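# Overview (structure and organization)
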Amino acid sequence: MDGRFVMRWHCGYRLGLLLSLAGTQLLALPVSRAETPWSASLGVTSDYIFRGVSQTYDSAAVQLGATYLNPQGWFAGAWASNVNPYPHAGSSAELDLYAGITRPLGADFSTRIAYTRYSYLDDPRPANYNYDEIAVSAAYLDRLAATLSYEPDYSSYSTLGFAHSRPVGALELTAHWPLPNDLAVTAGVGYYDLQSMFGVSYWAGNAGLAYVRGRVTIELNRFFTNGTAGRLYAEQSANGTWTLSALLRL
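Residues numbered from 1 in each chain as written. Predicted model: local features only at pLDDT ≥ 70, side-chain atom pairs only at ≥ 80, totals over all residues. Heavy atoms only, no water.

## Remarks on the overall build of the chain
A tally of helices and strands in the chain yields two helices and 16 strands. Relative to its full complement of 250 residues, the chain shows a buried share of 50%. Summing over all exposed atoms, the chain offers an accessible surface of approximately 10,900 Å²; the carbon and sulfur share of this is 63%. (Helix = DSSP H or I, 4+ residues; strand = E, 2+ residues; numbered from the N terminus. Buried < 20%, exposed > 50% of the residue type's maximum accessible area, 1.4 Å probe, protein only. Areas by Shrake-Rupley, 256 points an atom, 1.4 Å probe, with all protein chains shown as cover.)

Pasting the structure below:
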């Protein structure tokens, strides 16, 4: 790692340099003048999982991302993936546009605030699932990070019915620990407050092993959720799901 902390956008679901449970986003130290401010990635995963819930219904996803980060710490970018959360409704594409700022806190710590707009293109579902997110993160090097996020207009369908444009929140913790031979252990856990939607909250987590060599990252992950997530999302719940993901940094 080059001193930047790049998180996988949502638990096992969005490919980045660090594949773990934090959500689709960037937490980084300012780039030096010798580094390019642009970065991009191309990834594939056997199952796109968002906060313990499959977004492709146990099917594979292809994911693209690009970010601009200037020397003062401001950043903006886009991330996209195919999605198919409800097979009977048909597939669509998710496009996330984000912007924010990241600042160092001494030599080893950094913090970030980001805004993300989540959009679903050519979505066959009758309801509008687009929503906004504001997230605040703090990180120690590229090892540990905590993210607190708030979505004022989140929509979701579960076994309890459909809830539209309700406020929800999440707290996510991630860890990345290097091992010899280009390996690393990754892990994360998140708590998701859906009280305003369904009167419940749930947690989800993942643990995995990553291999990083040059511009390529390969990761194997196992996901876990509690019983509440299973009751809400039935077969979409990722409890016990294994995923294999690969990322090429362009």
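## Section: the packing of aromatic side chains
Enumeration according to the criterion identifies nine aromatic pairs in this entry. Seen in terms of ring centroids, phenylalanine 109 and tyrosine 140 are 5.1 Å apart; in terms of plane orientation they differ by 50°. Their pairing is tilted. Residue phenylalanine 109 is located in strand β9 (residues 109-121), and its partner tyrosine 140 is located in strand β10 (residues 131-140); the two are separated by 31 residues in the primary sequence. By relative accessible area, phenylalanine 109 is classed as partly exposed at 44%. We classify tyrosine 140 as partly exposed; its relative accessible area is 32%. Look at tyrosine 131 and tyrosine 154: their rings are 4.8 Å apart centre to centre, the planes differ by 90°, and that puts the pair in the edge-to-face class. Of the two residues, tyrosine 131 sits in strand β10 while tyrosine 154 sits in strand β11 (residues 144-158), which places them 23 residues apart along the sequence. (Phe/Tyr/Trp six-rings, centres within 6.5 Å; stacked < 30°, edge-to-face > 60°.)

## Some remarks on the pairing of strand β14 (residues 200-213)
Both strand β13 (residues 183-194) and β14 contribute to a ladder of 12 bridges, which runs antiparallel. Within β14, the position partnered with valine 189 by the bridge is glycine 205. As defined by bridge partners, β14 adjoins strand β15 (residues 216-225) across 10 bridges and the pair is classed as antiparallel. Across the sheet, residue arginine 213 finds its bridge partner in β15, namely valine 216. In sequence, β14 turns back onto β15 through a hairpin of two residues, with glycine 214 there showing a positive phi of about 65°. (Pairing = 2+ DSSP bridges.)

## Considerations on the confidence of the model for the chain
For the chain, the average pLDDT comes to 87, and 86% of its residues sit at 70 or higher. The low-confidence segment residues 1-34, where pLDDT is below 50, has 173 contacts with residues more than four positions distant or belonging to other chains. (pLDDT = per-residue confidence, 0-100. Contact = heavy atoms within 4.5 Å.)

## Quick look at the sheet that holds strand β16 (residues 242-249)
If you trace the 12 strands once around the closed barrel, you get β3-β6-β7-β8-β9-β10-β11-β12-β13-β14-β15-β16, paired in antiparallel fashion. Between one strand axis and the next, the sheet turns through 20° on average, direction left out of account. When strand β6 (residues 61-69) meets strand β7 (residues 74-83), the two strands line up antiparallel, connected through seven bridges. Each residue of the ladder has a partner; that of leucine 64, found in β7, is alanine 80. (Axes fitted to C-alpha atoms, helices over the stretch in contact; angles between N-to-C directions.)

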